[in-house]
Amino acid sequence: MVLDDERFSVFLSSLVKDEDEELGKLRKKAESEGVPIIREEMAGFMAFLLKVIKPLHVLEVGCAVGFSALHMRKYLPENAVITTIENDKERAAEALSNFKNAGAASIHLKTGDATDVLKEFEDESFDFIFMDAAKGQYLNWLPDVRRILKKGGVLVSDNVLFDGDVLQSRYGIIRRDRTIHERLREYLFVLKNTEGLTTSIVNVGDGAALTFKE
Ligand SMILES: C[S@@+](CC[C@H](N)C(=O)[O-])C[C@H]1O[C@@H](n2cnc3c(N)ncnc32)[C@H](O)[C@@H]1O
């Protein structure tokens with residue numbers, strides 16, 4: 001049987017418990033202001049991964065207003081620390097205020113372009129990295145991301161199926177989206193074919209690549 005993705009997604013969402021009140025408010029506010037945040041289905045999947053992996057040093061690339069960082073914090077061990085990067089100053093300021101209101105002292109925000117910020121970290125600093133920023137940059141960031149991910153660590157790259165467009169031939173993609181289509185395909189190819197990395201691509205939310213560093 002071939003599953004209808006939309007029906008499957010709606011069905012899964014119907015099973016999801018409501019987020020806690022504060023996060024629910026934050027999601028509504030972000031959505032009403034057009035701030036892109038992690039989809040509910042992906043948030044549920046991340047909760048599962050974090051519970052199983054129990055990472056202590058988490059890095060997020062793409063903080064926006066801090067929704068996913070606050071969400072991740074709920075499922076991490078108490079002594080875990082999250083570092084998150086955002087280059088949009090207004091969003092970063094809002095994220096800081098959200099972290100403060102939530103009393104989330106374990107979340108550290110770095111305001112700046114991930115291309116520069118990633119270079120500041122020492123080798124093998126993180127055991128879990130959540131990549132959720134400009135999709136066209138994922139491939140450029142990969143060398144640093146690999147360098148700062150611990151052996152045995154996990155990289156989760158969100159939105160890699162680009163609403164299913166990645167599966168289409170380049171000729172089925174509108175011209176404006178062709179560069180990103182090409183870059184995402186190349187990124188997935190590199191993840192799948194780099195020695196020392198094991199990657200599985202899953203159809204959750206907008207598609208996620210799960211990569212284990214040997
Ligand atoms: C999809 S949103 C992140 C959503 C967030 N992870 C959540 O689920 O709550 C992507 C964010 O990445 C930021 N971003 C895009 N390119 C970036 C870059 N080069 N460096 C740092 N942040 C970047 C954008 O400003 C945007 O706020």
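In the block above lies the structure referred to throughout.
Residues numbered from 1 in each chain as written. Predicted model: local features only at pLDDT ≥ 70, side-chain atom pairs only at ≥ 80, totals over all residues. Heavy atoms only, no water.

Caption draft 1: Representation of the sheet that holds strand 3 (residues 107–111) in the model. The seven strands are arranged 3-2-1-4-5-7-6 in an open sheet whose pairing can be described as mixed. The open sheet is flanked by strand 3 and strand 6 (197–202), the only strands paired with a single partner. The average angle at which neighbouring strand axes cross in this sheet is 15°, direction not considered. Taken strand by strand, helix 5 (residues 89–101) contacts strand 2 (81–86) and strand 3, and its axis lies near 165° from that of strand 3. (Pairing = 2+ DSSP bridges. Helix = DSSP H or I, 4+ residues; strand = E, 2+ residues; numbered from the N terminus. Axes fitted to C-alpha atoms, helices over the stretch in contact; angles between N-to-C directions. Contact = heavy atoms within 4.5 Å.)

Caption draft 2: Representation of the side chain of T83. Along the chain, T83 falls in strand 2. On the basis of relative accessible area, T83 is assigned to the buried category, the value being 10%. Setting aside anything within four residues of it in sequence, one finds T83 in contact with V58, L59, E60, H108, K110, F121 and F126. (Buried < 20%, exposed > 50% of the residue type's maximum accessible area, 1.4 Å probe, protein only.)

Caption draft 3: Representation of the nonpolar core within the structure. Grouped together as the largest cluster of nonpolar side chains are 37 residues, with contacts concentrated most on M42, M46, F99, F128, F130 and V156. Mapped by element, the contributors of at least two residues to this core are helix 2 (21–32), helix 3 (40–53), helix 4 (67–74), helix 5, strand 3, strand 4 (126–131), strand 5 (149–158) and strand 7 (208–213). Per element, the largest residue contribution to this core is six residues, and it comes from helix 3. Counting 26 residues, the second largest nonpolar core, distinct from the first, contains F121, I129, L161 and L191. (Core = buried A, V, L, I, M, F, W, Y, C linked by side-chain atoms within 4.5 Å.)

Caption draft 4: Focus on the side chain of R27. By the secondary structure assignment, R27 is in helix 2. Residue class for R27 comes out buried when judged on its relative accessible area of 7%.

Caption draft 5: Looking closely at the site of the ligand. Around the ligand lies a shell of 20 residues, among which I38, G62, S68, E86 and D132 are the nearest. Between the ligand and the protein, one listed contact pairs a nitrogen atom with a side-chain N or O atom of S68 at 2.8 Å. D113 places a polar side-chain atom, nitrogen or oxygen, 3.2 Å from a nitrogen atom of the ligand. Look at the ligand: alone it shows 610 Å² of surface, and the protein chains cover 88% of it. Residue composition of the shell around the ligand, grouped by class: ten nonpolar, four polar and six charged. (Near = heavy atom within 4 Å. Polar contact = N/O pair within 3.5 Å; in protein donor to acceptor, adjacent residues only side chain to side chain. Areas by Shrake-Rupley, 256 points an atom, 1.4 Å probe, with all protein chains shown as cover. Nonpolar A, V, L, I, M, F, W, Y, C, P; charged D, E, K, R; others polar.)

Caption draft 6: How the structure looks around the packing of aromatic side chains. This structure, assessed with the given rule, holds two aromatic pairs. Where F121 meets F126, the ring centres are 5.0 Å apart and the plane angle is 90°; that geometry is what we call edge-to-face. Look at Y138 and Y187: their rings are 5.4 Å apart centre to centre, the planes differ by 65°, and that puts the pair in the edge-to-face class. Taken together, the positions of Y138 in helix 7 (residues 138–148) and Y187 in helix 8 (residues 178–193) put the pair 49 residues apart, joining distant regions of the chain. Considered together, Y138 and Y187 belong to a single accessibility category, that of buried residues. (Phe/Tyr/Trp six-rings, centres within 6.5 Å; stacked < 30°, edge-to-face > 60°.)

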